[in-house]
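Given next are the chains, with one letter for each unit.
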Amino acid sequence: MDVTSQRTGGALIVSVEGRVDGANARKFQKAVESVIDDDDGAVILDMENLSYISSAGLRSILLIAKGLQKRNSQFAVCSLQDAIGEVFRIVGFDKIVTIHSSQGEAVSAMGS
Amino acid sequence: MNVSTSITMQPDAEDLENVFAAVEEFAERAEWPMNLVFQVKLILEEMSLNVINYGGVEGDDPIDIKLKTEGDTVTIEIKDVGQPFDPIKDAPDPDLGLPLEQRPIGGLGLYLVRTMVDEMHYKWHDGRNHLTLITRRLA
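Here the residue numbers are simple positions, counted from 1 along each chain's written sequence. For this description, chains carry letters from A and ligands carry numbers from 1, given in the order in which they are written. Since the coordinates come from a predicted model, pLDDT governs what is reported: local features require at least 70, and pairs of side-chain atoms require 80 or more to be given and counted, while whole-chain, interface and lining totals use all residues. Computation of side-chain values: all heavy atoms of the structure, hydrogens and water removed.

*Asks:* Got a minute to help me understand the overall build of chain A in this structure?
*Replies:* Looking only at helices and strands, one finds four helices and five strands in chain A. Secondary structure elements follow DSSP: runs of H or I of four or more residues count as helices, runs of E of two or more count as strands, with numbering from the N terminus. When its helices and strands are written in sequence order, chain A yields β-β-α-β-α-β-α-β-α. Taken against the 2.2 N^0.38 rule, which gives 13 Å for 112 residues, the C-alpha radius of gyration of chain A at 13 Å falls within 12% of a compact globule. Over its C-alpha atoms, taken along the principal directions, chain A stretches across nearly 35 × 25 × 25 Å. Working rule for contacts: check all heavy atoms of both residues, and any pair within 4.5 Å makes them a contact. A separation threshold of at least 6 residues defines the contact pool for chain A, and within that pool the share at least 24 residues apart is 71%. Accessible surface computed for chain A: about 5,000 Å², of which carbon and sulfur atoms make up 43%. In this tally Asp and Glu are treated as negative and Lys and Arg as positive; neither His nor the chain ends contributes. Charge positions come from single atoms, namely NZ of Lys, CZ of Arg, CG of Asp or CD of Glu. Across chain A, the 11 positively charged side chains and the 14 negatively charged ones have centroids separated by 9 Å. For this measure, only C-alpha atoms enter the radius of gyration; the expected value for a globule follows 2.2 Å times N^0.38, where N is the number of residues. All accessible areas in this document rest on Shrake-Rupley with a 1.4 Å probe, and a residue is counted as covered only by the protein chains that are shown.

*Asks:* Even after reading the chapter, I still don't get unusual backbone geometry, so can you show me in this structure?
*Replies:* Note: most residues except glycine have negative phi, and most peptide bonds are trans. Residue and element names in this part refer to chain A. Of note in this structure, Asn 72 is not a glycine but carries a positive phi near 60 degrees. With respect to the secondary-structure elements, Asn 72 resides in the loop between helix H2 (55-70) and strand S4 (75-78). To sort residues, take the accessible area from a 1.4 Å probe on protein chains only and compare it with the maximum for the residue type: under 20% means buried, over 50% means exposed, and anything in between is partly exposed. On the basis of relative accessible area, Asn 72 is assigned to the exposed category, the value being 72%.

*Asks:* Would you mind going over the packing of aromatic side chains with me for this structure?
*Replies:* In this description, an aromatic ring pair is defined by two values, namely the gap between the centres and the angle between the planes. Planes of paired rings set the category: under 30 degrees apart is stacked, over 60 is edge-to-face and the rest tilted, where pairs are Phe, Tyr or Trp rings (Trp by its six-membered ring) whose centres lie within 6.5 Å. For the structure shown, the criterion picks out four aromatic pairs over all chains. With 5.5 Å between their ring centres and 90 degrees between their planes, Phe88(A) and Phe93(A) make a pair best called edge-to-face. With a relative accessible area of 0%, Phe88(A) lands in the buried category. An aromatic cluster of three or more residues is present, and its members are Tyr52(A), Phe20(B) and Phe38(B).

*Asks:* For this particular structure, what's the right way to read the environment of Tyr122(B)?
*Replies:* All names here are of chain B. With respect to the element layout, Tyr 122 can be found in strand S4 (residues 119-125). What makes Tyr 122 partly exposed here is its relative accessible area of 22%. Spatially, the C-alpha atom of Tyr 122 lies 9.8 Å from that of Ile 78, the residues being 44 residues apart in sequence. For Tyr 122, the residues in contact, after removing those within four places along its chain, are Pro 84, Phe 85, Asp 86, Pro 87, Ile 88, Asn 129, His 130 and Leu 131. Here a polar contact is recorded for every N or O atom pair within 3.5 Å, except that within protein the pair must consist of a potential hydrogen donor and a potential acceptor, and residues adjacent in sequence are included only if both atoms are side-chain atoms. Here the side chain of Tyr 122 touches Phe 85 through a polar contact of 3.3 Å, landing on its backbone nitrogen.

Below, the structure written as structure tokens:
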């Protein structure tokens with residue numbers, strides 16, 4: 001699992017690659033939080049290269065989303081692979097987290 | 001195609017990596033579609049970590065996993081020596097309608113598993129939890 005970040009337009013884009021499971025979900029969350037804590041703007045979590053997520057990873061994303069909501073930062077996820085999009089829908093995350101089909105779409109939505 | 005395999009998981013989340021590798025190898029042999037591979041990995045992770053985190057399984061008590069494909073049916077068997085736990089009766093469904101700030105941070109794993117299988121059978125036998133999960137999505 002790798003976490004990288006870049007700034008595009010008004011948003012901080014955090015990309016996760018590989019697998020987020022019960023063995024590394026905490027590490028994932030800490031890695032994302034250390035990047036977004038240096039910032040106070042909008043955050044987009046790009047999952048294009050995320051191949052697997054379990055409830056442990058969903059829990060991390062929920063905690064990240066709650067933290068951002070508390071500091072009034074916009075948060076969205078983008079580019080979910082099919083199986084991961086299905087998991088998001090099953091647990092109702094599509095109702096509490098904004099999902100965009102591409103990074104470009106997420107960036108322009110944040111800008112408006 | 002009828003094939004089966006046995007996987008022994010050490011009671012440690014770090015061993016998920018080996019379990020996933022074994023599932024991928026088996027999936028190739030059984031010609032599983034990608035979404036089924038994802039679902040089986042997820043089911044094995046959720047159930048095994050439940051047993052490790054809450055069932056008190058540790059040390060020299062591995063979790064025994066068996067995967068079987070028969071026609072369009074996939075059977076997953078999981079046996080462990082943890083506290084008796086019936087995932088069919090002993091776990092409530094989460095409230096998925098709550099807004100973000102009220103969402104509790106747990107309880108999603110078993111719910112995901114339930115939505116991904118067609119049948120779930122549990123029994124406590126010879127000092128072990130026996131869980132059998134069946135899915136018929138191999139059309």
